[in-house]
Amino acid sequence: MSERETIVRVNATGDLNVRVGDRVRRGQELSAGPSTDSPSTAPVSGLISRIQFDPDNHEFVIAITAPA
Amino acid sequence: MRMTVRTILIATIFLAMTIVLAGACAAPGADYRTAKGNANDLSFYQPSITTAPYPLTSARRVRNVILCIGDGMGLSQVAMASAKATGPGGKLHMERLPVAGTVRTYSASSRVTDSAAAGTALATGVKTKNGMIGVDPDERAYLTVLEAAQAKGMPTGLVATSAITHATPASFGAHVRSRKMETDIAEQLIANEINVLFGGGREFFLPKSHPDSGRKDDLDLIAQAREAGYAVVGTASELRSIRGPHALGLFQLEALTTVEPEASLAMLASKAIQVLRHACLESGARDGRPGFFLMIEGSQIDWACHDNDAVNAVRQTLLFDQAVEAAVDFALRDGRTLVVVTADHETGGLTLTAGASEDDGLAPHWSTKGHTGSPVPLWAIGPGAAHFAGVQDNTDIPKKIARLLGLRPFPKRVK
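Quick notes on the rules
Residues numbered from 1 in each chain as written. Chains lettered and ligands numbered in written order. Predicted model: local features only at pLDDT ≥ 70, side-chain atom pairs only at ≥ 80, totals over all residues. Heavy atoms only, no water. 1 Å grid on protein atoms, 1.4 Å probe; cavity = no way out; pocket = protein on both sides within 12 Å on 5 of 7 lines; lining within 4 Å. Points joined across faces, edges and corners; volume = space filled by probe spheres on them. Nonpolar A, V, L, I, M, F, W, Y, C, P; charged D, E, K, R; others polar. Core = buried A, V, L, I, M, F, W, Y, C linked by side-chain atoms within 4.5 Å. Buried < 20%, exposed > 50% of the residue type's maximum accessible area, 1.4 Å probe, protein only. Helix = DSSP H or I, 4+ residues; strand = E, 2+ residues; numbered from the N terminus. Contact = heavy atoms within 4.5 Å. Pairing = 2+ DSSP bridges. Salt bridge = Lys/Arg side-chain N within 4 Å of Asp/Glu carboxyl O. Buried area = accessible area lost by both parts, 1.4 Å probe. Polar contact = N/O pair within 3.5 Å; in protein donor to acceptor, adjacent residues only side chain to side chain. Expected span 1.5 Å × (residues − 1). Axes fitted to C-alpha atoms, helices over the stretch in contact; angles between N-to-C directions. pLDDT = per-residue confidence, 0-100.

Draft legend 1. Region of interest: empty space enclosed by the protein. Following the criterion strictly, the structure yields one cavity of 30 Å³ or more and no others. Considering the residues around the largest cavity, the lining is formed by Asp56 and Asn57 of chain A together with His166, Ala167, Arg179, Lys180 and Glu182 of chain B. Counted by class, the lining of the largest cavity contains one nonpolar, two polar and four charged residues.

What follows is the structure, given as structure tokens:
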């Protein structure tokens, strides 16, 4: 079965509620803390497959993998 | 024998390829994400031979101000770097400054600030919302301490290991509603005619016709800077050749790599001081008056802490401490220079518990991947340093600097 990766960017000032390997549901809060102008909820249900810090944009780049 | 010759030949080719690749990794245009070198190698850092505090000065009037900001640098980050580089009884250069204090960092929108709101507080004396640069929560622009100094005729400079358009340096020379507006920030930094701009972020200064551009318009800010009289440089050797009172050093397209052959933060700081000193003398005034204002940021301590990477956090803190040493060396020679060392916020929620003795007896523990609301340390030396002792708000720092430099009124709205 093929998979699709969805990338979510969340502001890095606050803490993350998820780790690589976690399963998330659509609408679940991915980060906690200061209010930001970035979306911080999972747009799809799936598995957190990757989290990277992007210094240029001061954001966490979160990959959610789900069946296509 | 033939085997030995072949082995030597292969080893020589391998060594040559390694040198070429290592050079390519950190050359202009290199990617800071991959050009990290050996983070465990701290041989670049020379600890102090003494732990004695640097001397207090008897001078009363402040001529020059150097504000050093370790992004994300809490007291634990300093303690960890100190233990690693100087041993249990040693001190970093910043720890030898004779006046110490702490700084509260909350922003107008959160108990936990980001670098934009914290930078704005440190630059303008005004609290703002996270993400905003040089404006209050209602998007009204406030004069930065750099701009106030400039208005008094003082040469000014910004040095960072991030893009020079990144939140902290931007907060001192630009006014925008969002830290993401880096092309606008680049325009404002050039338009403000700040004497020294050293860091990364060349992509935001190149027109869209350039393949490396990060802009969506035809503005060529590098050409504009040249026309305005800036010496424009991009390598360590070019840095050394700067002679005039205005210099734009953009050493990478994005952030600096912080590895050789790129110039270190300390080298950038030393050159910035030299250029600003030259600009002061060129103004025709005696004794280097009217003095200069310089902000130096160790930008990537924060980034290492977001990654919960203790090894790189130590390395970035020591690179920042080298720059502090360069600033303090100048201040001690000059006698009329105030140096303030602090942070914009703490990152990572770092605590140090008992660890293995072969690892300095300290074990790092991170409580978050984000920032925290913990107060940050402050150290100061030079005339006026005593004003920075004790607990203070981050907005107090530029107010005190402005008062010591006779910049009034401050804070002040930009009309």
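We are not done yet, so read on.
Draft legend 2. Inspection of the nonpolar core at higher detail. Membership of the largest hydrophobic core comes to 111 residues, with the highest contact counts inside it found for Ile66, Phe172, Phe198, Phe205 and Phe293 of chain B. Ranked by residues supplied to this core, first place goes to helix 11 (residues 310–334) of chain B with eleven residues. Ignoring anything within four residues of it in the chain, the contact list for phenylalanine 293 of chain B reads Val65, Leu67, Val145, Leu146, Ala149, Met154, Pro155, Thr156, Gly157, Phe172, Leu276 and Ile401 of chain B. Residues Ala12, Val18 and Leu30 of chain A together with Tyr32 of chain B belong to the second largest nonpolar core, which totals 17 residues.

Draft legend 3. View of the sheet that holds strand 3 (residues 23–24) of chain A. All names here are of chain A. Here we have four strands laid out as an open sheet, ordered 1-6-5-3, and antiparallel in their pairing. The open sheet has two edge strands with one neighbour each: strand 1 (3–11) and strand 3. As judged from the nine bridges shared by strand 1 and strand 6 (residues 59–67), these two strands associate in the antiparallel manner. Bridge pairing links arginine 4 to alanine 66 in strand 6.

Draft legend 4. Looking closely at the pattern of salt bridges. Applying the stated criterion to the full structure yields eleven salt bridges over all chains. As a salt-bridge pair, arginine 50 of chain A and glutamate 5 of chain A come within 2.9 Å of each other at their nearest N and O atoms. Taken together, the residues arginine 50 of chain A in strand 5 (residues 46–54) and glutamate 5 of chain A in strand 1 connect sequence positions 45 residues apart. The class for glutamate 5 of chain A is partly exposed, based on a relative accessible area of 42%. Close ionic contact of aspartate 393 of chain B with lysine 127 of chain B constitutes a salt bridge, the shortest N to O distance being 3.1 Å. Of this pair, aspartate 393 of chain B sits in strand 14 (residues 390–393) while lysine 127 of chain B is found in the loop between helix 3 (115–124) and helix 4 (145–151), placing the two residues 266 residues apart along the sequence.

Draft legend 5. Main features of the interface of chain A and chain B. Residue-level contacts link 15 residues of chain A with 22 residues of chain B. Between chain A and chain B the total buried area reaches about 1400 Å² when both faces are included, carbon and sulfur atoms providing 47% of it. Ranking the residues of chain A by area buried against chain B places Thr13, Asp56 and His58 of chain A at the top, with a combined share of 38%. Our count for the contact surface shared by chain A and chain B stands at eight residue pairs in polar contact (both at pLDDT 80 or more). For the side of chain A that touches chain B, the elements supplying multiple residues, two or more each, are strand 2 (15–16), strand 5 and strand 6 of chain A. Of the residues contributing to the side of chain A that touches chain B, the split by class is six nonpolar, four polar and five charged.

Draft legend 6. Quick peek at helix 9 (residues 265–282) of chain B. With 18 residues, helix 9 of chain B should cover 26 Å at 1.5 Å per step; its first-to-last C-alpha distance of 25 Å lies within 8% of that length. Taken as a whole, helix 9 of chain B has its buried residues at Leu265, Ala266, Leu268, Ala269, Lys271, Ala272, Ile273, Val275, Leu276, Ala279 and Cys280 of chain B.

Draft legend 7. Focus on the sheet that holds strand 7 (residues 293–298) of chain B. Residues and elements named next belong to chain B. Across the sheet, ten strands lie side by side as 5-6-4-3-7-1-8-13-2-14; this open sheet has mixed pairing. In this open sheet, the two edge strands, each paired with only one partner strand, are strand 5 (231–233) and strand 14. The average angle at which neighbouring strand axes cross in this sheet is 15 degrees, direction not considered. Bridge count between strand 2 (residues 99–104) and strand 14: four bridges; the pairing is parallel. Note on strand 14: the bridge partner recorded for glycine 101 is glycine 390.

Draft legend 8. Representation of the confidence of the model for chain A within the structure. On average, residues of chain A score 90 in pLDDT, and 90% of them are at 70 or above. Of all helices and strands in chain A, the one with the weakest mean pLDDT is strand 4 (residues 31–32) of chain A (86), whereas strand 3 of chain A scores best (97).

Draft legend 9. Focus on the pairing of strand 6 (residues 247–250) of chain B. Residues and elements named next belong to chain B. Residues Ala247 and Gly249 of strand 6 are buried on one face, and the alternating residues Leu248 and Leu250, pointing to the opposite face, are buried as well. In this structure, strand 4 (residues 196–200) lies alongside strand 6, joined through four bridges in parallel fashion. In the sheet register, leucine 197 faces strand 6, and the bridge partner there is leucine 248. Note that strand 5 and strand 6 share three bridges and pair parallel. Considered in strand 6, the bridge of alanine 231 is made with alanine 247.

Draft legend 10. Expanded view of the side chain of threonine 317 of chain B. All names here are of chain B. Looking at where threonine 317 falls in the secondary structure, it is placed in helix 11. Here alanine 313 takes part through its backbone oxygen, which lies 2.7 Å from a polar atom of the side chain of threonine 317. If we ignore the near neighbours within four places in the chain, the residues touching threonine 317 are Met73, Gln77, Val78, Ala81, Leu92, Met94 and Ile301.

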